Amino acid sequence: MPLSLLSPPTPPPPIISPTISSFSSNRFLVQKRFTRTIAKANSEDDDGKPAFNPFGFVTDNPSSRSAIQLPESPAEDGNVGQMLYRIEDKGKEYGSYIKSGGFRWFVRETGSPESRRGTIVFLHGAPTQSYSYRVVMSQMADAGFHCFAPDWIGFGFSDKPQAGYGFDYTEKEFHEVFDKLLDTLGVTSPFFLVVQGFLVGSYGLTWALKNQSKISKLAILNTPLTVSSPLPGLFQQLRIPFLGEFTCQNAVMAERFIEAGSAYVLKLEKADVYRLPYLSSSGPGFALLEAAKKANFKDMNSQISAGFASGSWDKPILVAWGISDKYLPQSVAEEFQKGNTDVIKLKLIEGAGHMPQEDWPEKVVDALRVFF
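Residues numbered from 1 in each chain as written. Predicted model: local features only at pLDDT ≥ 70, side-chain atom pairs only at ≥ 80, totals over all residues. Heavy atoms only, no water.

Per an unreviewed UniProt entry, the protein is named AB hydrolase-1 domain-containing protein, and its organism is Rehmannia glutinosa.

When helices and strands are counted, the protein shows 16 helices and eight strands. Buried positions account for 52% of the 372 residues belonging to the protein. Taking the contacts inside the protein whose residues are at least 6 apart along the sequence as the reference set, 76% of them involve residues at least 24 apart. (Helix = DSSP H or I, 4+ residues; strand = E, 2+ residues; numbered from the N terminus. Buried < 20%, exposed > 50% of the residue type's maximum accessible area, 1.4 Å probe, protein only. Contact = heavy atoms within 4.5 Å.)

On to the pattern of salt bridges, then. In total, this model carries nine salt bridges according to the counting rule given. As a salt-bridge pair, E358 and R134 come within 2.9 Å of each other at their nearest N and O atoms. In this pair, E358 sits in helix 15 (residues 356-359) while R134 sits in helix 5 (residues 134-142), placing the two residues 224 residues apart along the sequence. Considered together, E358 and R134 belong to a single accessibility category, that of buried residues. One salt bridge in this structure joins K172 and E176, with 2.4 Å as the shortest N-O distance. One end of the pair, K172, and the other, E176, are both in helix 6 (residues 171-185), four residues apart, so they sit about a helical turn from each other. Its relative accessible area of 56% is what places K172 among the exposed residues. One network of salt bridges, in which partners are shared, links E255, R256, E259, D272 and R275. (Salt bridge = Lys/Arg side-chain N within 4 Å of Asp/Glu carboxyl O.)

This part takes up helix 6. The terminal C-alpha atoms of helix 6 lie 21 Å apart, and with 15 residues this matches the ideal 21 Å at 1.5 Å per residue to within 8%. The complete set of buried residues in helix 6 reads E171, E173, F174, H175, V177, F178, L181, L182 and L185. Two residues or fewer after helix 6 comes G186, characterised by a positive phi angle close to 75°. (Expected span 1.5 Å × (residues − 1).)

Before going further, it helps to spend a moment on the pairing of strand 8 (residues 344-349). Across six bridges, the pairing between strand 7 (residues 317-322) and strand 8 is parallel. Note on strand 8: the bridge partner recorded for W321 is L348. (Pairing = 2+ DSSP bridges.)

Turning to its location among the elements, Y327 is positioned in the loop between strand 7 and helix 14 (330-338). Of the polar contacts made by the side chain of Y327, one reaches the backbone oxygen of F257; its length is 2.7 Å. (Polar contact = N/O pair within 3.5 Å; in protein donor to acceptor, adjacent residues only side chain to side chain.)

It is worth spelling out unusual backbone geometry at this point. Across the junction of A126 and P127, the peptide omega takes the value 0°, indicating a cis bond. Relative to the assigned elements, P127 resides in the loop between strand 3 (119-123) and helix 5. Omega for the bond connecting S189 with P190 falls within 30 degrees of zero, at -5°, which places this linkage in the cis form. Within the secondary structure, P190 sits in the loop between helix 6 and strand 5 (191-195). Residues other than glycine seldom take positive phi values, yet Y94 does so here, at roughly 65°.

Further remarks concern the sheet that holds strand 6 (residues 215-220). If you walk across this open sheet you meet the eight strands as 1-2-4-3-5-6-7-8, and the pairing is mixed. The open sheet has two edge strands with one neighbour each: strand 1 (95-100) and strand 8. Strand-to-strand, the axes of this sheet are offset by a mean angle of 25°, without reference to chain direction. Where strand 6 lies against strand 7, three bridges are found, and the strand directions are parallel. Looking across to strand 7, one finds that I220 is bridged to V319. Packed on one face of the sheet, helix 7 (residues 200-210) meets strand 3, strand 5 and strand 6 and runs near 145° to strand 5. (Axes fitted to C-alpha atoms, helices over the stretch in contact; angles between N-to-C directions.)

Inspection of the secondary structure assignment puts R117 in the loop between strand 2 (103-110) and strand 3. For the pair formed by R117 and F372, sequence separation is 255 residues and the distance between their alpha carbons is 8.4 Å. When residues no more than four places from it in sequence are discounted, the contact partners of R117 are A143, G144, F145, F192, R369 and F372. At 3.4 Å, the side chain of R117 and the backbone oxygen of A143 are in polar contact.

So, on to the packing of aromatic side chains. Inspection of every chain in the model, using the stated rule, returns 25 aromatic pairs. Measuring from centroid to centroid gives 6.0 Å for F308 and F336, while their planes differ by 70°, and the two rings are edge-to-face. Here F308, found in the loop between helix 13 (297-307) and strand 7, pairs with F336, found in helix 14; they are 28 residues apart in sequence, far enough to count as distant. You'll find F308 and F336 in the same group, each marked buried. Through a chain of ring-to-ring contacts, the aromatic side chains of F103, W152, F167, Y169, F174, F178, F191, Y203 and W207 assemble into a single cluster. Lying across the ring of F157, K92 places its NZ or CZ 4.8 Å from the centre. (Phe/Tyr/Trp six-rings, centres within 6.5 Å; stacked < 30°, edge-to-face > 60°. Lys NZ or Arg CZ within 6 Å of the ring centre and 35° of its normal.)

Structure below.
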């Protein structure tokens, strides 16, 4: 048969990234799907208690039900490409890239090494990033401190290596790379340490327990501190086979987690930044998945509770606690303080939720300035 008579082959279907395809349609449609899921998941069981909700980290806070925020003209960011173009340069205040331990870290810095009042290192929790400290560290620099706030490896704008290729997201590895980063930054001991949040936030505290001599004073914002500290649904989901893989590729996971732990809805420009790493690639989602699967949450909480108790820890500790935290009740902070009343001071922050540094940074600054 002549070649001219042959019909052209049917082109194969386009290969679309599951991360991109999940969010390439108008976000209004995503909102509708979440709404239907919420209505079903929020039903009660036979005992009158709320049934298990696999999307609990989305819906614990009523404000998060409508938190997929639409611009005045939805067409302006109706697909992933347009959203990335709109937000790709956001969220890097005071930051730069630094090579340390074989990885590229994104580190925010304010103040100078000559700052008269010393150095503060701020550590974030999962699934967020150092962006949450931008206001606090700016104001603390104005008060005379030299401040660093890195994005942990696997989070924010830092490297996100594939597990098995030089980094496996274990507690030991997080400690090792943090040690190397401190050396690279020229942070001399003793310094002030501020820690907040789950998972990598807890690793900041277990690192402190192994390096007490390097720390002058320790400030803890809302972080699991006792064996009774509850574990949010997000981290439970991440440890369930198949569901974890699905959950970790939710590009709005971080902003949802923040809103569900707070009394407030994030403004769009803030939500953009927390969303950006998860939206731009699958790397941070899989990094979070690996870290959550490798973590022993009960053991971490036990280490922290015992390690900072009277007779084990003697450096001053400030627990600055957002009392509207939807994940960790105030009783966690109070129980922790009772374990070492001589060195632990508790400061309750009204109006703030799980991330006081984001909800009410001015009150966090006031507490830190007095303490440090």
